[in-house]
Amino acid sequence: MKVLVACEYSGIVRDAFKDKGHEAWSCDILPAENGGNHIQDDVLNHLDDGWDLLIAHPPCTYLSRAGARWLYPKAGEINQDRYNLGIKGKEFFMRMIDADVDKIAVENPTPLKVFDLPKYTQAVQPYEYGHKYSKRTLLWLKNLPKLQPTQIISDHTPFLPSNKGGAKRGQKVNKGVVFTAHEASRTFSGIAKAMAEQWSQVLTV
């Protein structure tokens, strides 16, 4: 079956499906980190290329709830420029959701309510798939079953820093283990493996 992993340059999800025998391609404006089947281009140019499954990781910079302090720099005031960028981000997100592909999974962190994204299907955590970290990730699914946990790790720690601005106010701050968007964007291998193993069952029906 033909699988497109949109907005991925790491090849982690792509290779998980390749290992299950699928024709899997990643697509991103950045080059692939490890070679393999990769389309370096705007994914919007390739959504109609006859895919059986689309897994999309649209940019979340302006949509994520983690960016609330930049969208609302002062109480009751909105940063109009950042809001406009968020609207563009939502338009791209919806192109993934509404793509003419039979089976679709779109992944993103918790979005800001102001952008009114559709209701997500499920939330997953890395510690449910064999990793010692927490990083709440939402999945919007079309014609796909919810992912089932494969290995729950009870002792886990935050993957991303949070409340960095609260340090000056004496509030609790989570330091996390990664500090760049590039590092944070990679899908955990345990989640990628679960996607490939569990969703392959419906791809081959």
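Quick caveat: nothing in here was measured; it's all calculated off a predicted structure.

Rules behind the numbers
- Every chain is numbered on its own, with residues counted from 1 as its sequence reads.
- Thresholds applied to this predicted model are a pLDDT of at least 70 for local features of residues and 80 or more for the giving and counting of side-chain atom pairs; totals over whole chains, interfaces and linings are not thresholded and use all residues.
- Values shown for side chains rest on all heavy atoms present in the structure; no hydrogens or waters enter the calculation.
- The pLDDT value tells you how sure the predictor is about a given residue, anywhere from 0 up to 100.
- Residues are treated as being in contact if the distance between any of their heavy atoms lies within 4.5 Å.
- By the criteria applied, helices consist of DSSP H or I runs no shorter than four residues and strands consist of E runs no shorter than two, each listed in order from the N terminus.
- Each residue's exposure class comes from its accessible area (1.4 Å probe, protein chains only) as a fraction of the maximum for that residue type: buried when under 20%, exposed when over 50%, partly exposed otherwise.
- Two strands form a pair only when DSSP identifies at least two bridges running between them.
- To estimate how far a helix should extend, the number of its residues minus one is multiplied by 1.5 Å.
- To pair, rings of Phe, Tyr and Trp, with the six-membered ring standing in for Trp, must have centres within 6.5 Å; the planes then decide the type, stacked if under 30 degrees apart, edge-to-face if over 60, and tilted in the middle.
- Note on definitions: salt bridges are taken to be side-chain nitrogens of Lys or Arg within 4 Å of carboxyl oxygens of Asp or Glu.
- Viewed with both strands pointing away, a crossover whose connecting path from the first strand over the helix to the second turns clockwise is right-handed.
- When two cysteine sulfur atoms lie within 2.5 Å, the pair is treated as a disulfide.
- All axes here are fitted lines through C-alpha atoms, helices being fitted over the stretch that makes contact, and every angle between N-to-C directions spans 0 to 180 degrees.

Student: So what's going on with the confidence of the model for the protein chain? Residues and values would help.
Tutor: The predicted model of the protein chain averages 88 in pLDDT, with 88% of residues at 70 or higher. Overall, residues 163-173 carries pLDDT values under 50, and its contacts beyond four positions in sequence, including any with other chains, amount to 11 contacts.

Student: Outline the environment of threonine 150, supporting the account with residue identities and numerical values.
Tutor: Of note, threonine 150 is situated in the loop between β8 (137-142) and β9 (157-158). The sequence separation of threonine 150 and glycine 190 amounts to 40 residues, and the corresponding C-alpha distance is 8.1 Å. Non-local contacts of threonine 150, meaning those with residues more than four positions away in its chain, are made with Glu128, Tyr129, Ala194 and Gln198.

Student: So what's going on with the pairing of strand β4 (residues 53-56)? Which residues, and what values?
Tutor: Within a regular strand, side chains alternate between the sheet's two faces. Side chains of β4 alternate between two faces, with Leu53 and Ile55 and Leu54 and Ala56 buried alike. Bridge count for strand β1 (residues 2-6) against β4 is four bridges, and the pairing is parallel. Looking across to β4, one finds that leucine 4 is bridged to leucine 54. With four bridges connecting them, β4 and strand β5 (residues 103-108) associate as parallel partners. Residue pairing for β5: leucine 53 is matched across the bridge by lysine 103.

Student: Give a detailed account of helix α5 (residues 189-203), specifying residues and quantitative values.
Tutor: With 15 residues, α5 extends 20 Å between its outermost C-alpha atoms, agreeing within 8% with the 21 Å of an ideal straight helix rising 1.5 Å per residue. Taken together, the buried positions of α5 are Gly190, Ile191, Ala192, Ala194, Met195, Ala196, Gln198, Trp199, Ser200 and Leu203. Residues of α5 that are buried in the fold lie against β1, α1 (12-18), β4, β5, β6 (122-124) and β8.

Student: Could you give an account of the packing of aromatic side chains, with specific residues and numbers?
Tutor: What the rule picks out here adds up to four aromatic pairs. On the basis of an interplanar angle of 80° and a centroid distance of 4.9 Å, the ring pair of phenylalanine 93 and tryptophan 140 is categorised as edge-to-face. Linking phenylalanine 93 in helix α3 (residues 80-97) with tryptophan 140 in strand β8, this pair joins segments that are 47 residues apart in sequence. Relative to tryptophan 140, the ring of tyrosine 120 has its centre 6.3 Å away and its plane inclined at 75°; by these criteria the two rings are edge-to-face. In this pair, tyrosine 120 is assigned in the loop between β5 and β6 and tryptophan 140 in strand β8, connecting sequence segments 20 residues apart.

Student: An account of the pattern of salt bridges is requested, with residue identities and associated values reported.
Tutor: Scanning the model with the defined rule gives three salt bridges in all. Across the pair arginine 186 and glutamate 33 runs a salt bridge, and its minimum N-O distance is 2.7 Å. Here glutamate 33 lies in the loop between β2 (23-28) and β3 (38-40) and arginine 186 lies in the loop between α4 (181-184) and α5, a separation of 153 residues in the sequence. When its relative accessible area of 29% is taken as the criterion, arginine 186 is described as partly exposed. Here glutamate 33 falls in the partly exposed class, since its relative accessible area comes to 40%. Aspartate 102 is the salt-bridge partner of lysine 103, the closest N and O atoms lying 2.6 Å from each other. You can call lysine 103 buried: its relative accessible area is 14%. Look at aspartate 102 and you get partly exposed, because its relative accessible area is 43%.

Student: Summarise the pairing of β1; cite the residues concerned and give the values.
Tutor: The buried count for β1 comes to four of five residues, which makes it a mostly enclosed element. In this sheet, β2 lies alongside β1 in parallel orientation, the contact comprising five bridges. Bridge assignment links valine 5 to a residue of β2, and that residue is serine 26. For the crossover that starts at β1, traverses α1 and ends in the parallel β2, the hand is right-handed.

Student: Now, about the state of the cysteines: what can you tell me, with residues and values included?
Tutor: Under the defined criterion, the tally for this structure stands at zero disulfides. In this structure cysteine 7 is a free cysteine whose sulfur lies 7.4 Å from that of cysteine 27, the closest cysteine sulfur available.

Student: Give a detailed account of the sheet that holds β4, specifying residues and quantitative values.
Tutor: Each strand in a sheet pairs with its neighbour through backbone hydrogen bonds, running either in the same direction (parallel) or in the opposite one (antiparallel). The strand order β3-β2-β1-β4-β5-β8-β6 describes an open sheet built from seven strands, whose pairing is mixed. Two strands lie at the open edges of the sheet, namely β3 and β6, each paired on one side alone. Strand-to-strand twist across the sheet, computed as the mean angle between neighbouring axes with direction ignored, equals 20°. Each of β1, β4, β5 and β8 touches α3; the most contacted strand, β5, lies at about 150° to it.

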